[in-house]
Amino acid sequence: MPTSTQPLVLVYGPYNADGLAELGRRFDVRHLASRDPGELSEAERGEVRAVAVAGHLPNAVMDALPALEIVGHFGVGYDGVDARHAAERGIAVTNTPDVLTEEVADTAVALVLMTVRELHHAEAHARSGEWERKGAYPLTRFSLRGKTVGIMGLGRIGLAIARRLESFGVAIRYHNRSERTDVAYPYDPSLEALAQSSDILLNVAPGGASTDKAIDAGVLRALGPDGILINVGRGSTVDEPALIDALEQGTIAAAGLDVFADEPRIPERLRNLRNTVLLPHVASASRDTRILMGNLVADNLSRWFAGEALETPVPESQDAGLTSRA
Ligand code: NAP
Ligand code: 8YV
């Protein structure tokens, strides 16, 4: 059998089917769905020049691949890949910004509306026949009218959410580590101050050390008993046990969550709460958007092996000068 001249790409763990097919059209692909590197022979490990991954890539796996040059992360949030460790080894990392921004913003707004207006319970009321048996669904405690939404993480997606919410007539404020000079929304210098001045606190900041459990009991107290938390960023940003306590005890009113601390596990106490809307990390999960994400992973790898500039290297790779192979 002739030996292929295409670089060998290791697809590590579960991966989008269209994205996998696209990689297969361009490269030699070895899909390690089990995430068990023990399944690779030493010869295969020595041949892997790129990894494509959606989620967590342990440093030990990177370190076990001596010819690894680049990691393509399927997703904009690359907190599952240690990009600094990769840079120290001369390995570039790319992610998938922009192509999913509008989809995630749509889902975030839907989650706000569902949570504020209890649309999931109202839908169940209609579907179950309770409307006919028991009468109209009760009036909702909350409305978007006159509310302030505080966005933690006013970046690409945060801004797309803010622009959409403007058309709902709500007030917008935000907290980032740095104040933006290109928006007129009021800036709060701390997350607690943002929670204090918001009715709805919406997190869309990246995961990782700088945001780990940042939304804690104190921030939830500042949000207050009529406050609502929406999380489409990362589950790691919320102290989940503190959130469950706050929802059970009425420290805050409700939560709409697309992301969780230990996915796909959602604590039973959280699942039992009526004042929550729980989505299984679907903010970008349309086939159209996932195809764009998979193509961007493949485009970055193609560019790398052609000696061209990467389309979307992550900041750590840019800082290390890992923006092209040449
Ligand atoms: P982005 O453009 O890089 O925006 C991130 C924003 O967060 C920036 O404005 C940044 O501003 C701010 N930020 C970063 N660290 C912070 C910190 N420690 N405290 C406060 N603010 C901080 O990224 P994006 O494209 O909007 O994506 C944002 C995140 O959304 C992703 O990283 C991912 O975790 C999440 N996401 C989730 C889904 C989903 O399916 N639920 C889908 C896509 C993305 P400063 O640098 O000034 O702090
Ligand atoms: C994931 C996401 O990529 O882009 C992100 O940061 O959270 C999602 O779009 C998706 O769950 C596939 O891993």
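Keep in mind that what you see is a predicted model, and the values were worked out from it rather than measured. In every chain, residue numbers begin from 1 and rise along the written sequence. Written order decides the labels, with chains lettered from A and ligands numbered from 1. Per-residue local features of the predicted model are confined to residues with pLDDT of at least 70, and side-chain atom pairs are confined, for both listing and counting, to 80 or more; whole-chain, interface and lining totals are unaffected and use all residues. Water and hydrogen atoms play no part in the side-chain values, which are based on all heavy atoms of the structure.

Caption draft 1: Main features of the overall build of the protein chain. Regarding its fold elements, the protein chain presents 14 helices and 11 strands. Atoms considered for the radius of gyration are the C-alpha atoms alone. The globule rule reads 2.2 Å times the number of residues to the power 0.38. Here the C-alpha atoms of the protein chain give a radius of gyration of 22 Å, agreeing with the 20 Å that 2.2 N^0.38 yields for 326 residues. For the C-alpha atoms alone, the extent of the protein chain along its principal axes is close to 70 × 50 × 35 Å. Burial here depends on accessible area, computed with a 1.4 Å probe over protein chains only, as a share of the maximum for the residue type. Under 20% is buried, over 50% is exposed, and the range in between is partly exposed. For the protein chain, with 326 residues in total, the buried portion stands at 48%. Relative to all contacts within the protein chain whose residues are 6 or more apart in sequence, the contacts with residues 24 or more apart total 57%. Total accessible area on the protein chain stands at roughly 15,300 Å², and carbon and sulfur atoms take up 50% of it. Numbered from the N terminus, helices here are DSSP runs of H or I no shorter than four residues, and strands are runs of E no shorter than two. Only heavy atoms matter for contacts: two residues are in contact if any of them lie within 4.5 Å across the pair. Residue-level accessible areas treat just the shown protein chains as cover; the underlying method is Shrake-Rupley with a 1.4 Å probe.

Caption draft 2: View of the sheet that holds strand E5 (residues 92–94). In this analysis, strands are considered paired if DSSP registers two or more bridges between them. Across the sheet, which stays open at both edges, the 5 strands sit in the order E2-E1-E3-E4-E5 with parallel pairing between neighbours. With one partner strand each, in any of the chains shown, strand E2 (28–32) and E5 form the two edges of the open sheet. Adjacent strand axes in the sheet meet at a mean angle of 20° when their direction is disregarded. Note that strand E4 (residues 70–73) and E5 share 3 bridges and pair parallel. Among the inter-strand pairings, Ile70 is bridged to a residue of E5, identified as Ala92. Sheet strands in contact with helix H1 (residues 17–26) are strand E1 (8–12), E2 and strand E3 (48–53), and its direction is about 145° off that of E2. All axes are obtained by fitting lines to C-alpha atoms, using only the stretch in contact for helices, and the reported angles, taken between N-to-C directions, cover 0 to 180 degrees.

Caption draft 3: Spotlight on the site of ligand 2. One heavy atom within 4 Å of a molecule or strand is enough for the residue carrying it to be called near that molecule or strand. Neighbouring residues of ligand 2: Ala54, Phe74, Gly75, Val76, Gly77, Leu100, Arg234, His281, Ser284, Arg290 and Met293. Whenever a nitrogen or oxygen atom comes within 3.5 Å of another N or O atom, the pair is scored as a polar contact, on the condition that within protein one atom can donate a hydrogen and the other can accept it, and that pairs from neighbouring residues in sequence are kept only if both atoms are in side chains. Between ligand 2 and Arg234, the relevant distance is 2.8 Å, taken from an oxygen atom to a side-chain nitrogen or oxygen of the residue. Take Ser284: an N or O atom from its side chain is 2.7 Å from an oxygen atom of ligand 2. Coverage of ligand 2 by the protein chains reaches 83% of its 330 Å² of free accessible surface. Grouping the constituent residues of the shell around ligand 2 by class yields 5 nonpolar, 4 polar and 2 charged. Residues are grouped as follows: Ala, Val, Leu, Ile, Met, Phe, Trp, Tyr, Cys and Pro are nonpolar; Asp, Glu, Lys and Arg are charged; all remaining types, including Gly, are polar.

Caption draft 4: Inspection of the sheet that holds strand E6 (residues 148–152) at higher detail. Strand order in the open sheet made by the 6 strands is E7-E6-E8-E9-E10-E11, with parallel pairing throughout. A single partner strand is all that each edge strand has here, and the edge strands are strand E7 (171–175) and strand E11 (276–278). Neighbour to neighbour, the strand axes of the sheet diverge by 15° on average, direction disregarded. Looking at chain direction, E6 and strand E8 (residues 200–203) are connected through 4 bridges and run parallel. Bridge pairing in E8 places Ile151 opposite Leu202.

Keep in mind these values describe shape, not function.
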